[in-house]
Amino acid sequence: MYWLWKLGLTSLLCLIFVADGEYLIGLGSYDMTGPAADVNMMGYANMEQVTAGIHFRLRARAFIVAETQQGGARFAFVNLDAGMASQLVTIKLLQRLKLRYGDLYNEHNVAISGTHTHAGPGGYLQYVTYSVTSLGFVPQSFEALVTAVELSIAQAHDNLKPGSIFINTGDLENAGINRSPSAYLFNPPEERARYPRDVDTLMTLLKFVDKNSGNSVGAFTWFATHGTSMSRDNKLISGDNKGAAARFFEDWFGGSNINASKTINKRPNSLSKMLKKASKIKATGGQECPKNASQSSKVRNYDGSRFIGAFCQSNVGDVSPNVLGAFCLDSGKPCDFNHSSCHGNDQLCVGRGPGYPDEILSTKIIGERQFQKAVDLFTSAEEEITGKIDYRLVYLNFTNIEVVLEGNQVVKTCPAALGPGFAAGTTDGPGVFGFQQGDTEINEFWKKVRDAIKEPSQYQVDCQKPKTVLLDTGEMFWPYAWAPAILPIQILRLGKLVILSVPGEFTTMAGRRLREAIKETLISNGNGEFGNDTHIVIAGLSNTYSQYIATFEEYKQQRYEAASTLYGPHTLSAYVQEFKKLAQAMARGNKTVAKGPSPPDLSSVQISFVLDPSGDSPPPGVKFGDVNQDVKSGSFKKGDRINATFWSANPRYDLLAEGTFSVVELLRGEKWAPVYDDDDFCLYFMWNQKVDASGSYGFATIEWEVPEEASPGVYRFRHYGSFKKTRDSPIHYFTGASSGFTVS
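The structure displayed is predicted, hence computed values, not measured ones.

> Sorry, what's going on with the layout of surface pockets here?
It is a probe the size of a water molecule, rolled over the atoms, that shows where empty space is left. Considering only enclosed or pocket space, the largest pocket measures out at about 980 Å³ in volume. Lining the largest pocket are 44 residues, with Y44, A45, T133, F422 and A423 positioned closest to its centre. Put simply, the parts of the chain that give the lining of the largest pocket at least two residues each are α10 (420–424) and α11 (444–454). Classifying every residue of the lining of the largest pocket by side-chain character gives 23 nonpolar, 16 polar and 5 charged.

So, in structure tokens, the structure goes:
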């Protein structure tokens, strides 16, 4: 078989070239943007937040580390610009990896973690709770994710080479605040006294260096802050602050070669000459083009040679990037401390980012703060990682775990359930009117609504206390399961770095307790192999998704995070207990850990109400790619916003993976060169649908905020797209360019 031949060749090359290297390292990246129209975004559960364009593209970024000896241990870690990982994505990915590589990559040594952006397409999770607002399963979203993870791992695998890995840590103070500070205060005072702040400020960075060339090939960081700089009203696909940090980091490392406009050697013409030249450049009109035409207009080359920078999520549960705090929309005063509401109305209490009221500016600022800290850690990283690679994974039925507490008291976890505080939402995204964070009672109206859906059993009511059950998701199975029961927990080891892959959002204090318990377990069972210099990192929202994990004390107040802690008040204790068992097995070298019950594959029962576009056609006399509203004539300066609108078709016919819908082109001599595209923070692609008697079509608006580094010159916009005339007809590809304009 092909994969056996390829695997054998890779192993042979490893034996030849790794004499001086302790590890093999490989990094990869692939476009996972998904449908830019008609699909509900995953995160805020806002039915009206439907994709309508792209701010900047989403990516899957992967690293693989392997021991150099033949058959040595390895693992792959993938960071997604997505709300969270998905069990179904993991299941289907592993099937594809098995076809490629046999058993080399499997459920034990592959981890997938989400950045928790709330601005990516939804519909890719298999449980009903997470697909209600997306109107069910969205195959296009799902396929974009699975393919991107697969190809990022494949690229990382193909890039494996001898390398060194360095680790560095440092504090980032101004990129997150606790959005549930009253719940944090429920934790014991003596515990809180051990920490200077109510959020974790530590960033951990891994730096990957090619041993042969000495060149850095990538870096991965872990830091806790929510992907909620972009609001619940945003409709442009965005990686939010962590995606922005990754873009800034990769472009920083790439230097001046990223945007070609930075490398103009020729002295620019005078403004009058540029204006004269621009005035002669007219819109091209719509034209047919090859399928891969947009890929040829990409500014960045993603062939595996680029530096890869990833910003991973950690124990993010109660950490908000809206660092100015939460204020009432009507009065401008701070919100109620205990409930984060205004006069009892949760919808009036909204957090403010550092760029308030500009959410894109807030995204940029929080992204830049993470990026700048990463650069600081990257440039000063000197501590090299050595030691073995190891991994453990187990599946657990979290609905009935027996947990032994201090004093040998035995308690149990519960079937999944959500409380009324969940419906209230958070200061990052307020929820439904009539609920407040901290609610432990439900009025009669909502009780009737609840009971009409599913009345909770008495066992569930008693088990979940002090949470009042609003949605009994763990006991709801029509049309299929509403919430996960079986969850994976996973430990990855890279020398003195230990990564805990958790399938949810741990609050700050919950994460601290888990990290400390695992470190203590490793040290006490590792026969000197682990010490105080062991780094424990939580990789949040990994492998599947099960919402939040609050501490037992935080659970008492029933703010949003506690109301969303699915498996009852002892959820965290169950995690700590079971992770300690896994850590003990790792420390003692026990590889015969029982895997536990496998999670279900629910792909065959998924329901989707999102229809594919059924065919587009422009009005008579118009072609797709024609300009509908051209750039205004004249000269523009740095900071100006310039736009043009094109007749276009639904962007879901082809997602243009590793391509672009929008391009800014710069005239160089007699040729046009792409200098900005969908991957750039300064460029916006906006889509607007229109259906009337003359046809079904839309308008694509390209808007450019001219950045400071843009060179003076003559520019134009170019748009790429695709369409079908009917649902069953072949896809046609088109392009068109605007008139010319100048930047001085």
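> Quick question: what am I supposed to make of the environment of I642 here?
Residue position: I642 is located in strand β27 (residues 641–648). In this structure, the C-alpha to C-alpha distance between I642 and V631, residues 11 residues apart in sequence, is 6.9 Å. Residues within four places of I642 in sequence aside, it is in contact with V631, F636, I702, E703, W704, V706, F717 and F741.

> Just to check I follow, could you spell out the sheet that holds strand β20 (residues 486–494) for this structure?
Either a parallel or an antiparallel arrangement is found when strands of a sheet pair, and the pairing is made through backbone hydrogen bonds. Within the open sheet, the 4 strands sit side by side as β17-β20-β21-β23. Their pairing is mixed. This sheet does not close on itself; its edge strands, each paired only once, are β17 (389–397) and β23 (535–539). Taking the axes of each pair of neighbouring strands and ignoring which way they run, one obtains an average angle of 15 degrees across the sheet. Here strand β21 (residues 497–501) runs beside β23; their pairing, made up of 5 bridges, is parallel. Within the sheet, the bridge partner assigned to V498 lies in β23 and is I536.

> Explanation requested: unusual backbone geometry in the structure shown.
Trans is the prevailing form of peptide bonds, just as negative phi is the prevailing case for residues other than glycine. Following K465, the chain continues into P466 via a peptide bond in cis, with omega recorded as 5 degrees. That bond from W478 to P479 is cis: its omega, 0 degrees, falls within 30 degrees of zero. A positive phi angle, near 75 degrees, is found at D38, a position not held by glycine. Along the chain, D38 falls in strand β2 (residues 37–40). By relative accessible area, D38 is classed as partly exposed at 33%. We note that N543 has phi near 70 degrees; this positive angle belongs to a residue other than glycine.

> Explain the side chain of R515 to me, please; I cannot follow it from the model alone.
If you trace the backbone, R515 turns up in helix α13 (residues 508–525). For R515, the side chain forms a polar contact with the side chain of D200, separated by 2.8 Å. Apart from residues no more than four positions distant in its own chain, R515 is found in contact with D200, N315, I536 and I538.

> Would you mind showing me how to read the state of the cysteines here?
Here is the idea: a disulfide is a covalent bond, and it sits between the sulfur atoms of two cysteines. Counted by the stated rule, this structure contains 3 disulfides. Sulfur-sulfur distance for the disulfide between C335 and C349 comes to 2.2 Å. Around the S-S axis, the bridge from C335 to C349 shows a dihedral of about 110 degrees and counts as right-handed. Separated by 14 residues along the polypeptide, C335 in the loop between β14 (325–328) and β15 (349–352) and C349 in strand β15 bring together distant segments of the chain. Grouping residues by exposure puts C335 and C349 together as buried. Each disulfide pairs two cysteine sulfurs, and for C414 the partner residue is C463, the sulfurs being separated by 2.1 Å. Here the disulfide of C414 and C463 is left-handed, its torsion about the S-S bond being about -90 degrees. Taken together, the positions of C414 in the loop between β19 (410–412) and α10 and C463 in helix α12 (residues 458–464) put the pair 49 residues apart, joining distant regions of the chain. Once the bonded cysteines of the protein are numbered in order along the sequence, the disulfide links fall as 1-3, 2-4, 5-6.

Procedures and definitions
- Residues numbered from 1 in each chain as written.
- Predicted model: local features only at pLDDT ≥ 70, side-chain atom pairs only at ≥ 80, totals over all residues.
- Heavy atoms only, no water.
- 1 Å grid on protein atoms, 1.4 Å probe; cavity = no way out; pocket = protein on both sides within 12 Å on 5 of 7 lines; lining within 4 Å.
- Points joined across faces, edges and corners; volume = space filled by probe spheres on them.
- Helix = DSSP H or I, 4+ residues; strand = E, 2+ residues; numbered from the N terminus.
- Nonpolar A, V, L, I, M, F, W, Y, C, P; charged D, E, K, R; others polar.
- Contact = heavy atoms within 4.5 Å.
- Pairing = 2+ DSSP bridges.
- Axes fitted to C-alpha atoms, helices over the stretch in contact; angles between N-to-C directions.
- Buried < 20%, exposed > 50% of the residue type's maximum accessible area, 1.4 Å probe, protein only.
- Polar contact = N/O pair within 3.5 Å; in protein donor to acceptor, adjacent residues only side chain to side chain.
- Disulfide = S-S within 2.5 Å.

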